[in-house]
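Coordinate analysis (summary)
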Number of protein chains: 2
Amino acid sequence: MSTMNLTLLTDFYELTMMQGYFKNHTTEVVIFDAFYRRNPCDGGYAIAAGLDQVIDYIENLSFSPDDISYLRSLNTFDEDFLDYLSTFKFTGDIYAIPEGTVVFPREPLLKVVAPIMEAQLVETALLTIINHQSLIATKAARVVYAAKGDGIMEFGLRRAQGPDAGVYGARAAMIGGCVGTSNVLAGQLFDVPVKGTHAHSWIMSFLDEYTAFKKYADLYPDACCLLVDTYDTIKSGVPNAIRVFTEMREAGIPLKNYGIRLDSGDLAYMSKKARKMLDDAGFEDAFISASSDLDEYLIESLKSQGAKITSWGVGTNLITSKDCPAFGGVYKLAAIQDEETGEFIPKIKLSENTEKITNPGNKTIFRIYDKETGKIRADLIALVGEVFDDKKDMIIFDPLETWKKTKIHGGTYVLKELLIPVFQKGKCVYSSPSVMDIQAFCRREMDTIWDETKRFVNPHDVYVDLSDKLYKIKADLLEKMSMDALK
Amino acid sequence: MSTMNLTLLTDFYELTMMQGYFKNHTTEVVIFDAFYRRNPCDGGYAIAAGLDQVIDYIENLSFSPDDISYLRSLNTFDEDFLDYLSTFKFTGDIYAIPEGTVVFPREPLLKVVAPIMEAQLVETALLTIINHQSLIATKAARVVYAAKGDGIMEFGLRRAQGPDAGVYGARAAMIGGCVGTSNVLAGQLFDVPVKGTHAHSWIMSFLDEYTAFKKYADLYPDACCLLVDTYDTIKSGVPNAIRVFTEMREAGIPLKNYGIRLDSGDLAYMSKKARKMLDDAGFEDAFISASSDLDEYLIESLKSQGAKITSWGVGTNLITSKDCPAFGGVYKLAAIQDEETGEFIPKIKLSENTEKITNPGNKTIFRIYDKETGKIRADLIALVGEVFDDKKDMIIFDPLETWKKTKIHGGTYVLKELLIPVFQKGKCVYSSPSVMDIQAFCRREMDTIWDETKRFVNPHDVYVDLSDKLYKIKADLLEKMSMDALK
């Protein structure tokens, strides 16, 4: 759990490069962008998450005497550099897209403006945090979307990739829209609802299933969810649950929040069968929840089959984002400040893969909303300082296939800048909302994209375009480099 | 990072069940087995890992006053139960297979013998830790196997699922055989080699690639690995690297540990081309390392194509075990002690899926080695107390397809018990070796299985059989339950 000092949570090369800049007296201010290239799970969007932990990380950056001793022991770093590290503080600016925001490929989720040594050091941890939480928040949003209003519970701690993955994964899952988590520590740390009832071992620890159910109902009459598949769901589990519910009804115990959980077998068939058995016994309001290797695809399929499930516990596939367990965010140098003029000189990284060529310069992002529907028309990456008038027509074009142009008529759209200041001169100027508030914000964000973008197969891509000015700078840099290469 | 108190790192239902046992005065000692059902990545084996963190977790189990207040705030737990928790300690026994051991499906990696409330509480965190580290250690062993003696470096921190996943993932990767990690914090915590040189940003921060290389070589002549793909690997990167190496040679700087890193493009082609260019310039001993979405399959393919790479940096696909990001370990009740006789009464969980039926009773595991080759013939799950004479013939059989029998002749095999005591009456009686010692042990373990089991496609399964006595207990329990169901 990352309350410990994470200053050494970095790739070794960040430190060797830092020493290199130190030795060369390189103190220029640079701009790095953290962005990603493809939406997880071949989807149409992602959800930004992790900023609050980035803030913690940056605020606590400091090399302890033990850290310095350890680095000294590696026989790579000189004393003057170690001295510098011993009083290291982050003094730069950070801009970020707030957590819970719907985001798209190639737009900077985070922009670091800082002396090169500082900007370099923080690369790895920033990516670790943002990549992980954005991945799980995105997966959660997908699962929640598939459930069409049913509650999704995050149940994955035991399959998470370590304690942090469980705890911060649960946080991200809540941001993405889960109604609760089984993870008690996440509940404590982030003030989010924790949920859960009992396991098969509870049933097996009693002489028979009926006794186990009965004891559980005695203890928790207000949250009585009985797991019915330890022996035989239809022949034993559901009849025993009905027997206990009947006894509760006869004893005058109010039946409010009660039902069963299916954890194996054919969930479509079992849920319909169980629904009928419960209804026939007069328990129309008993819920049926399910867990068992669920994900967004299976939930969508079960709902289309008419499964009688209204509450879903999702474990492994959510907490690991199993079909796509890495977000792929990168951190690329975008500009170097001229120390005399203060101007940012754009930098570009080439690649044989066009998609991997970076966007140079000191950038910001404008989101273009349709005035009438409130839906996103496109995002526009522009240079800091560019001004757009929403009363004028705007022509946007695909940055790769530039002949694909769209005109957005003046007066029909609204602009919002996405990157907000989080650190200024090393001081945090942003206060994170609570996780439940971020969840509410994320729910509204999900309303700004169409179902066509949210669907799982061949989703519609939202355009992320470059301003004319930025496009020209990029094209000029590319031209110059390709000419240089011919020399 | 899990040095903080992880006592609440548990599923909520562990606590509701605990309170249930508490209210019912259930104090029986029970046995839970932690085991898994399928090898990761459709492989033939797994590597056990994570025990040292399990020990930390168990030793630090304790509900703080804040934890108790938090639990009280959930309006689910009574004061008498919270009182009990406030002085909670783990008092049971734990047996485990040592880290670095080659393991197979269905054998308990960990066995907990404890009062039911204690055994229940620890379920989630034990699984989180063991599942994660065993997964990554297994993946690392596969990648190392593919590299046929070349060094594998763990480079995945930025794509890990949070800080712990990076740090403990690096630990597990070292156990599985990596020669180093880029993760500095893992280096500090576990005393393992850290490695790394520079990123594209280093190159881009200078006016040209040559200057960037030159400056780097000046600083780190003894570990001079130049990243050659920022602009154009063959036209620019390799020629500039050769220019710098040539200048070093001319200046009389000893060229020992030097070479290039390829990070994009067609690695088979690029490495052959770069090898020829380096050789032609007289740098036959310059290494070529590579990184770029590598995994065991790609490394095996590149080696079969004759790629001239001898050092591999593996990131995302190793640290997340991308094609199989969850280990799937479970924790199942196996027996309940009769409080009068002290005897363990075997318990079983049925399932419609035969593979998911648990093995009942208080068990241990014997590994059967071939005396001549030292390779594993089979594993045998037996009841504690069963004695086997390695001078006698042993007939083993597949527990699912019982007609598949093999006779192992007396005198040709050696037996070793795999589970060793780790906690006794709540006290740790085991001292973990260093990570590098576990790595050395794991290397020897990998020699106990044949290539047929290590290969990636259709690996040969090592038999994990049940002793006659255990098999009979299981069959009797199944028979009894199926008869009960007919009543």
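In the annotation of an unreviewed UniProt entry, chain A is listed under the name Nicotinate phosphoribosyltransferase and assigned to Murimonas intestini. Looking at chain A in UniProt, the text filed under Catalytic activity (unreviewed entry) is "5-phospho-alpha-D-ribose 1-diphosphate + nicotinate + ATP + H2O = nicotinate beta-D-ribonucleotide + ADP + phosphate + diphosphate". As its UniProt record puts it under Pathway (unreviewed entry), chain A is described as follows: "Cofactor biosynthesis; NAD(+) biosynthesis; nicotinate D-ribonucleotide from nicotinate: step 1/1."

**Digging into the overall build of chain A**
When helices and strands are tallied, chain A shows 17 helices and 21 strands. When the backbone C-alpha atoms are referred to their principal axes, chain A occupies close to 85 × 60 × 40 Å. Relative to its full complement of 487 residues, chain A shows a buried share of 60%. Per element, the accessible surface of chain A, about 18500 Å² overall, is 51% carbon and sulfur. Charged side chains in chain A number 54 positive and 69 negative. The centres of these two groups are separated by 4 Å.

**Things to note about the relation of the copies chain A and chain B**
Superposing chain A onto chain B requires a rotation of 180 degrees together with a translation of 0.0 Å along the rotation axis, leaving an RMSD of 0.0 Å. The symmetry that links the two subunits is that of a two-fold axis. Comparing interface residues between copies, 99% of those in chain A also lie at the interface in chain B; the contact surface is shared.

**A few points about the UniProt feature "domain: Nicotinate/nicotinamide phosphoribosyltransferase" (unreviewed entry) in chain A**
UniProt feature "domain: Nicotinate/nicotinamide phosphoribosyltransferase" (unreviewed entry): in the numbering of this structure it lies at residues 152-321 of chain A. Along residues 152-321 of chain A one finds 48% helix and 14% strand; the C-alpha atoms at either end are 15 Å apart.

**Examining the UniProt feature "domain: Nicotinate phosphoribosyltransferase N-terminal" (unreviewed entry) in chain A**
With numbering aligned to this structure, UniProt lists the feature "domain: Nicotinate phosphoribosyltransferase N-terminal" (unreviewed entry) at residues 8-131 of chain A. Helix and strand shares over residues 8-131 of chain A are 43% and 17% respectively, and the end C-alpha atoms of the span are 18 Å apart.

**Quick look at the packing of helix H11 (residues 233-250) of chain A against helix H12 (residues 267-280) of chain A**
Residues and elements named next belong to chain A. Relative orientation of the contacting elements H11 and H12 amounts to 35 degrees, with a least axis distance of 10 Å. When you trace H11 past H12, the crossing you get is right-handed. Touching Thr-233, Ile-234, Val-238, Pro-239, Ile-242 and Phe-245 of H11 are Met-270, Lys-273, Ala-274, Met-277 and Leu-278, all from H12.

**Quick notes on the packing of aromatic side chains**
The description of two aromatic rings rests on the distance between their centres and on the angle between their planes. Residues and elements named next belong to chain B. Going through the model one piece at a time under the given rule, you end up with 42 aromatic pairs over all chains. The interplanar angle of 90 degrees and the centroid separation of 6.1 Å between the aromatic rings of Tyr-145 and Phe-456 together place this pair among those described as edge-to-face. Here Tyr-145, found in helix H6 (residues 123-146), pairs with Phe-456, found in the loop between helix H16 (451-454) and strand S21 (463-466); they are 311 residues apart in sequence, far enough to count as distant. For Tyr-145, a relative accessible area of 24% corresponds to the partly exposed category.

**What to know about the pattern of salt bridges**
The tally for this structure, following the rule as stated, stands at 48 salt bridges over all chains. Across the pair B:Arg158 and A:Glu123 runs a salt bridge whose closest N-O atoms are separated by 2.9 Å. Note that B:Arg158 is positioned in the loop between strand S6 (151-154) and helix H7 (163-175) and A:Glu123 in helix H6 (residues 123-146), a pairing that runs across two chains. Each member of the pair, B:Arg158 as well as A:Glu123, carries the same accessibility label: buried. Across the salt bridge formed by A:Asp370 and A:Arg377, the nearest N and O atoms sit 3.5 Å from each other. Linked through salt bridges whose partners overlap, the residues forming this network are A:Asp11, A:Glu14, A:Glu123 and B:Arg158.

**Quick look at the environment of A:Ile136**
Residues and elements named next belong to chain A. With respect to the helices and strands, Ile-136 occurs in helix H6. The class of Ile-136 is buried, set by a relative accessible area of 0%. For the pair Ile-136 and Gly-166, spaced 30 residues apart in sequence, the C-alpha separation works out to 10 Å. Residue contacts for Ile-136: discarding those within four places in its chain leaves Gly-169, Ala-172, Ala-173, Leu-318, Ile-319, Thr-320 and Ser-321.

**Here's the deal with the interface of chain A and chain B**
Between chain A and chain B, the residue contacts involve 93 residues of the former and 93 residues of the latter. Between chain A and chain B, the buried area comes to about 8100 Å², and carbon and sulfur atoms account for 62% of it. Three residues stand out in chain A for area buried against chain B, namely A:Arg158, A:Gln161 and A:Met204, and they jointly supply 11% of the buried area on that side. Our count for the contact surface shared by chain A and chain B stands at six salt bridges. With ten residues, the single largest contributor to the side of chain A that touches chain B is helix H1 (residues 12-23) of chain A. Looking at the side of chain A that touches chain B residue by residue, the classes come out as 44 nonpolar, 31 polar and 18 charged.

**Things to note about the sheet that holds strand S10 (residues 287-291) of chain B**
Ordered in space as S7-S6-S11-S10-S9-S8 (chain B), the six strands form an open sheet in which the pairing is parallel. Among the strands making up the open sheet, the edge pair consists of strand S7 (180-181) and strand S8 (224-227) of chain B.

**Digging into H6(B)**
All names here are of chain B. Helix length check: H6, at 24 residues, gives a terminal C-alpha distance of 34 Å against a target of 34 Å (1.5 Å per residue), a fit within 8%. Within H6, 22 of the 24 residues are buried, leaving the element largely enclosed by the surrounding structure. Note on H6: the residue one or two positions beyond its end, Lys-148, has a positive phi of about 45 degrees.

**Considerations on the side chain of A:Ser291**
All names here are of chain A. Tracing the sequence through the fold places Ser-291 in strand S10 (residues 287-291). A polar atom in the side chain of Ser-291 sits 2.8 Å from the side chain of Arg-261. For Ser-291, the side chain forms a polar contact with the side chain of Asp-263, separated by 2.9 Å. Setting aside chain neighbours within four positions, we find Ser-291 in contact with Phe-155, Arg-261, Leu-262, Asp-263, Ser-264 and Gly-313.

**Some remarks on the pairing of S10(B)**
Residue and element names in this part refer to chain B. With respect to burial, S10 is a largely interior element, five of its five residues being buried. Side chains Phe-287, Ser-289 and Ser-291 of S10 all project onto a buried face; the interleaved residues Ile-288 and Ala-290 project onto the opposite face, where all are buried too. As paired elements, strand S9 (residues 258-262) and S10 share four bridges and run parallel to each other. When the bridges of S10 are listed, Gly-259 appears paired with Phe-287. Handedness of the β-α-β unit built from S9, helix H12 (residues 267-280) and S10 comes out right-handed. Judged from the three bridges that link them, S10 and strand S11 (residues 311-314) form a sheet pairing that is parallel. Note on S11: the bridge partner recorded for Ser-289 is Ser-311. Since S10 and S11 lie parallel, the crossover through helix H13 (residues 296-304) that links them has a hand, and here it is right-handed.

**What to know about the nonpolar core**
Of all hydrophobic cores here, the largest spans 292 residues; its most connected members are A:Phe245 and B:Phe245. Leaving out residues up to four positions away in the same chain, B:Phe245 has contacts with B:Cys224, B:Leu226, B:Leu255, B:Tyr258, B:Gly259, B:Ile260, B:Leu278 and B:Phe283. Among the nonpolar cores identified, the runner-up in size contains ten residues, and B:Phe366, B:Leu380, B:Ala382 and B:Ile408 belong to it.

**Here's the deal with the sheet that holds strand S20 (residues 427-428) of chain A**
Residues and elements named next belong to chain A. In spatial order, the strands read S13-S12-S1-S5-S3-S19-S20; together these seven strands make up an open sheet with antiparallel pairing. Looking at strand neighbours, the two that pair on one side only are strand S13 (344-346) and S20, the edges of this open sheet. Where strand S3 (residues 93-96) and strand S5 (residues 110-115) come together, four bridges link them in antiparallel fashion. Looking at the pairing, Ile-94 lines up with Val-112 of S5.

**A short note on unusual backbone geometry**
All names here are of chain B. Although it is not a glycine, Ser-292 adopts a positive phi angle of roughly 150 degrees. Positive phi, close to 45 degrees, is recorded for Lys-425, a residue that is not glycine. For Lys-425, the position within the fold is in the loop between strand S19 (420-424) and strand S20 (427-428). Looking at Lys-425, the relative accessible area reads 75%, which means it is exposed.

**Quick word on the side chain of B:Ser467**
Within the element layout of this structure, B:Ser467 appears in the loop between S21 and helix H17 (468-486). Leave out the neighbours within four places in its chain, and B:Ser467 touches B:Leu380, B:Ile381, B:Ala382, B:Leu383, B:Glu386 and B:Phe388.

Rules used throughout
Each chain carries its own residue numbering, running from 1 in the written order of its sequence. Chain letters start at A and ligand numbers start at 1, both assigned in the order the entries are written. In keeping with the predicted nature of the model, local features appear solely for residues at pLDDT of at least 70, side-chain atom pairs appear and are counted solely at 80 or more, and the whole-chain, interface and lining totals rest on all residues. Processing note: side-chain calculations cover all non-hydrogen atoms of the structure and skip hydrogens and water entirely. UniProt positions are given in the numbering used here, feature names are shortened, and annotations may be inferred rather than shown by experiment. Going along the chain from the N terminus, every DSSP run of H or I of four or more residues is numbered as a helix, and every run of E of two or more is numbered as a strand. Burial here depends on accessible area, computed with a 1.4 Å probe over protein chains only, as a share of the maximum for the residue type. Under 20% is buried, over 50% is exposed, and the range in between is partly exposed. Values of accessible area rely on a 1.4 Å probe in the Shrake-Rupley scheme; residue burial ignores everything except the protein chains shown. In this count, Lys and Arg are taken as positive residues and Asp and Glu as negative ones, while His and the chain termini are left out. Where a charge sits is defined by one atom per residue type, namely NZ (Lys), CZ (Arg), CG (Asp) or CD (Glu). Here the copies were fitted onto each other by least squares, based on C-alpha atoms from residues at pLDDT of at least 70 in both. Residue contacts are defined here by distance: any two heavy atoms, one from each residue, within 4.5 Å place the two residues in contact. For every element, the axis is a line fit to its C-alpha atoms; helices are fit only across the contacting stretch, and the angle between N-to-C directions ranges from 0 to 180 degrees. Two helices that cross are described as forming a left-handed crossing if the nearer one is turned anticlockwise from the farther one by less than a right angle, and a right-handed crossing if clockwise. Each Phe, Tyr or Trp ring, with Trp reduced to its six-membered ring, pairs with another whose centre is within 6.5 Å; inter-plane angles below 30 degrees give stacked pairs, above 60 give edge-to-face pairs, and intermediate values give tilted ones. By definition here, a salt bridge exists when the distance from a side-chain nitrogen of Lys or Arg to a carboxyl oxygen of Asp or Glu is within 4 Å. Take the accessible area each of two parts loses on contact, using a 1.4 Å probe, and add the two losses: that sum is the buried area. Three categories are distinguished: nonpolar for Ala, Val, Leu, Ile, Met, Phe, Trp, Tyr, Cys and Pro, charged for Asp, Glu, Lys and Arg, and polar for the others, with Gly belonging to the last. A pair of strands is considered paired only if DSSP assigns at least 2 bridges between the two. Take the number of residues in a helix, subtract one, and multiply by 1.5 Å to get its expected span. N or O atoms closer than or at 3.5 Å make up a polar contact, with two conditions inside protein: a donor-capable atom paired with an acceptor-capable one, and, for residues adjacent in sequence, both atoms drawn from side chains. Throughout, right-handed denotes a crossover for which the path from the first strand over the helix to the second runs clockwise when the strands point away from the viewer. For this analysis, a nonpolar core means a set of buried residues of the types Ala, Val, Leu, Ile, Met, Phe, Trp, Tyr and Cys, connected via side-chain atoms within 4.5 Å.

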